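Architecture at a glance
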Amino acid sequence: MQTEFSIDTNGPGLIEFTARIADWLPPRDGLLTVFVRHTSCSLLIQENADPDVQSDLLGWLVRLVPPADSASMRFITHRAEGVDDMPAHIKAAHLPVSLQIPVQDGRMRLGTWQGVFLFEHREAPHTRHVALHFAPDPVE
Amino acid sequence: MQTEFSIDTNGPGLIEFTARIADWLPPRDGLLTVFVRHTSCSLLIQENADPDVQSDLLGWLVRLVPPADSASMRFITHRAEGVDDMPAHIKAAHLPVSLQIPVQDGRMRLGTWQGVFLFEHREAPHTRHVALHFAPDPVE
Amino acid sequence: MQTEFSIDTNGPGLIEFTARIADWLPPRDGLLTVFVRHTSCSLLIQENADPDVQSDLLGWLVRLVPPADSASMRFITHRAEGVDDMPAHIKAAHLPVSLQIPVQDGRMRLGTWQGVFLFEHREAPHTRHVALHFAPDPVE
């Protein structure tokens, strides 16, 4: 059982889509896989209660991996699409491209504070494609 | 086939639970998923032979993501539970929330030096919940 | 359905093996898991079009986690196999040990620019072992 979501982004930041996944899942036990089909954005499971957590994660990441015109990033060669191009690939290398979540009776086994996010790393608006796969547990 | 483990932690560090998983697995081929239901601790597969590797990983991580009262962390807004609160979320974003390991005849296909760990990032003691899922290969 | 690939490495860098995986997959729907059985190299899905992306990722990683004889790495205790030993474990902790990719009719649901790589972190040549697992979707 597979599908694909499109998610529109408008600059760096986290976009939650937990509810959309929940709506898609059948009322069965199994394993959910979420896979992002890009190399300059990420998936992330993180706290979805206090929005400050999301802005702090963004603040952290831009400090860890600054734009390619920063002094510490002079070594960067790949600059085809601007100063946020290669840093986006680096951020995407450091964060998940796929997530797996056990499912019971159609409910993801997320903790109380866990939400599922797309994490956009590029400045320009993008339409991102996320592949979903649900493997139902065998009935034995 | 699913279960949940509880793991008690007592400050930042790695707690191995490879053997506990091995005991739970049925004598079949399949795919194991381990999923941690929290946003301030992580799962990790790393070397379990020399304990110095574990203390060095901890030493690295506290230098990469120092407490929120450090000069470099002044940008942090989310401080609800103290100076180790948001840094724990950042560490959790950088390390796995779920692990998948192929299984043959009930044995995880781990390499010689690989162990499965919970990585606690918070100072206060916590009881952590880890969901396990085993999908047996179909008999064809 | 499981197998194991051997991949020879010759110093730090990315080695693509997307085509080898594609050749192994059966013409079915399902979920692919790729798992590296080591603690000093990684798996990574990243851009495979411009080779500069790969060299920039390597340049980034050696700056983030420099050799153990660097001033910032004096805290390192585990030095059994030289100055690239513990930094390789740290890099391996920050990058994936396993990847999951949905498969449709034998084709990985990769995006246009995504390739599957082994990322070697050690200086000395190694033969690396990668376990593959394919779980076909049930025919219902």
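What counts as what
- Residues numbered from 1 in each chain as written.
- Chains lettered and ligands numbered in written order.
- Predicted model: local features only at pLDDT ≥ 70, side-chain atom pairs only at ≥ 80, totals over all residues.
- Heavy atoms only, no water.
- Helix = DSSP H or I, 4+ residues; strand = E, 2+ residues; numbered from the N terminus.
- Buried < 20%, exposed > 50% of the residue type's maximum accessible area, 1.4 Å probe, protein only.
- Contact = heavy atoms within 4.5 Å.
- Salt bridge = Lys/Arg side-chain N within 4 Å of Asp/Glu carboxyl O.
- pLDDT = per-residue confidence, 0-100.
- Pairing = 2+ DSSP bridges.
- Buried area = accessible area lost by both parts, 1.4 Å probe.
- Polar contact = N/O pair within 3.5 Å; in protein donor to acceptor, adjacent residues only side chain to side chain.
- Least-squares fit on C-alpha atoms with pLDDT ≥ 70 in both.
- Nonpolar A, V, L, I, M, F, W, Y, C, P; charged D, E, K, R; others polar.
- Expected span 1.5 Å × (residues − 1).
- Axes fitted to C-alpha atoms, helices over the stretch in contact; angles between N-to-C directions.
- Parallel < 35°, antiparallel > 145°, perpendicular 65-115°, else oblique.
- Left-handed = near helix turned anticlockwise from the far one by under 90°.
- Phe/Tyr/Trp six-rings, centres within 6.5 Å; stacked < 30°, edge-to-face > 60°.
- Lys NZ or Arg CZ within 6 Å of the ring centre and 35° of its normal.

1. What about the overall build of chain A?
Looking only at helices and strands, one finds three helices and eight strands in chain A. From first element to last, N terminus to C terminus, chain A shows the α and β order β-β-α-β-β-α-α-β-β-β-β. Counting across all 140 residues of chain A, residues that qualify as buried make up 62%. Across chain A, every contact between residues at least 6 apart in sequence was considered, and the portion connecting residues at least 24 apart equals 77%.

2. Examining the pattern of salt bridges
Per the stated rule, a full pass over the model turns up 15 salt bridges over all chains. With its nearest N and O atoms 2.8 Å apart, the salt bridge here joins Glu120(A) to Arg128(A). Exposure class is identical for Glu120(A) and Arg128(A). Each is buried. Taken together, the shared-partner salt bridges connect Glu4(A), Arg37(A) and Arg109(C) into one network.

3. Concerning the environment of Leu64(C)
Its place among the elements puts Leu64(C) in helix 2 (residues 51-64). Leu64(C) sits 58 residues away from Arg122(C) along the chain, and the two C-alpha atoms are 15 Å apart. Once you skip the residues sitting within four places of it in the chain, Leu64(C) turns out to touch Leu64(A), His94(A), Trp60(B) and Leu64(B).

4. What to know about the confidence of the model for chain A
In the predicted model, chain A carries a mean pLDDT of 97, and the fraction of residues at 70 or more is 99%. This prediction of the complex comes with two scores: 0.97 for pTM and 0.97 for ipTM.

5. Digging into the sheet that holds strand 8 (residues 126-136) of chain B
Residues and elements named next belong to chain B. Taken together, five strands build an open sheet; the order of strands is 1-8-3-5-6 and the sheet is antiparallel. Edge strands, defined here as strands with exactly one partner in the open sheet, are strand 1 (2-9) and strand 6 (107-108). Here strand 3 (residues 30-36) runs beside strand 5 (residues 98-104); their pairing, made up of six bridges, is antiparallel. What sits directly across from Gly30, in strand 5, is Val103.

6. Focus on the sheet that holds strand 5 (residues 98-104) of chain C
The strand order across the open sheet built from five strands is 1-8-3-5-6 (chain C), with neighbouring strands paired in antiparallel fashion. At either margin of the open sheet sits one strand with a lone partner, and together these are strand 1 (2-9) and strand 6 (107-108) of chain C.

7. As for the interface of chain C and chain A
Counting residues at the interface gives 34 residues for chain C, matched by 30 residues for chain A. Summed over both partners, the interface of chain C with chain A buries about 2600 Å², with 58% contributed by carbon and sulfur atoms. It is Asp56(C), Trp60(C) and Arg109(C) in chain C that bury the most area against chain A; as a group they hold 25% of the surface buried on that side. The interface formed by chain C and chain A holds one salt bridge in total. Between Glu4(A) and Arg109(C) there is a salt bridge, and its shortest N-O distance comes to 2.5 Å. In this assembly, chain C and chain A are joined by 16 residue pairs in polar contact (both at pLDDT 80 or more). Elements represented by at least two residues in the side of chain C that touches chain A include exactly strand 3 (30-36), strand 4 (41-47), helix 2 and strand 5 of chain C.

8. Re the relation of the copies chain C and chain A
After a rotation of 120° and a shift along the axis of 0.0 Å, chain C superposes on chain A with an RMSD of 0.0 Å. The transformation just described matches what one would write down for a three-fold rotation axis. It is His94(C) whose C-alpha, among those of chain C, lies nearest the rotation axis, at 3.7 Å. In this assembly the copies use different faces: only 12% of the residues contributing to the interface of chain C also contribute to that of chain A.

9. Structural notes on the interface of chain A and chain B
In this assembly, 34 residues from chain A lie in contact with 30 residues from chain B. Summing the contributions of chain A and of chain B, the shared interface buries around 2600 Å²; its carbon and sulfur component is 58%. Of all residues in chain A, Asp56(A), Trp60(A) and Arg109(A) bury the most surface against chain B, accounting for 26% of the area lost on that side. For the interface between chain A and chain B, the tally reads one salt bridge. Here the side of chain A that touches chain B is built from residues that sort into 17 nonpolar, eight polar and nine charged.

10. Topic: the side chain of Glu120(A)
Residue and element names in this part refer to chain A. With respect to the helices, strands and loops of the structure, Glu120 is situated in strand 7 (residues 114-120). A relative accessible area of 0% places Glu120 in the buried class. Only 2.7 Å separates the side chain of Glu120 from the side chain of Thr9, close enough to count as a polar contact. Excluding its chain neighbours within four sequence positions, the residues that come into contact with Glu120 are Thr9, Gly11, Pro12, Gly13, Ser40, Cys41, His126 and Arg128.

11. Description of helix 2 (residues 51-64) of chain A
If you check helix 2 of chain A, its first and last C-alpha atoms are 20 Å apart, about what 14 residues at 1.5 Å a residue would give, namely 20 Å. What helix 2 of chain A keeps buried is the set Val53(A), Asp56(A), Leu57(A), Gly59(A), Trp60(A), Leu61(A) and Leu64(A).

12. Re the relation of the copies chain A and chain B
You can overlay chain A on chain B at an RMSD of 0.0 Å; the transform is a turn of 120° with a shift of 0.0 Å along its axis. Mapped onto chain B, only 12% of the interface residues of chain A again fall at the interface, so the copies present different surfaces.

13. With respect to the packing of helix 2 (residues 51-64) of chain B against helix 3 (residues 85-94) of chain C
At a minimum axis separation of 10 Å, helix 2 of chain B and helix 3 of chain C run at an interaxial angle of 65°. Taken together, the axes of helix 2 of chain B and helix 3 of chain C are roughly perpendicular relative to one another. Note on packing geometry: the crossing formed by helix 2 of chain B with helix 3 of chain C is right-handed. Each of Val53(B), Asp56(B), Leu57(B), Trp60(B), Leu61(B) and Leu64(B) in helix 2 of chain B lies in contact with helix 3 of chain C, whose residues at this interface are Met86(C), His89(C), Ile90(C), Ala93(C) and His94(C).

14. Looking at the packing of aromatic side chains
Scanning the entire structure with this criterion turns up three aromatic pairs over all chains. On the numbers, 6.3 Å between centres and 75° between planes, the contact of Phe5(A) with Phe17(A) is edge-to-face. Of this pair, Phe5(A) sits in strand 1 (residues 2-9) while Phe17(A) is found in the loop between strand 2 (13-16) and helix 1 (18-24), placing the two residues twelve residues apart along the sequence. When its relative accessible area of 7% is taken as the criterion, Phe5(A) is described as buried. Lying across the ring of Phe75(B), Arg63(A) places its NZ or CZ 4.1 Å from the centre.

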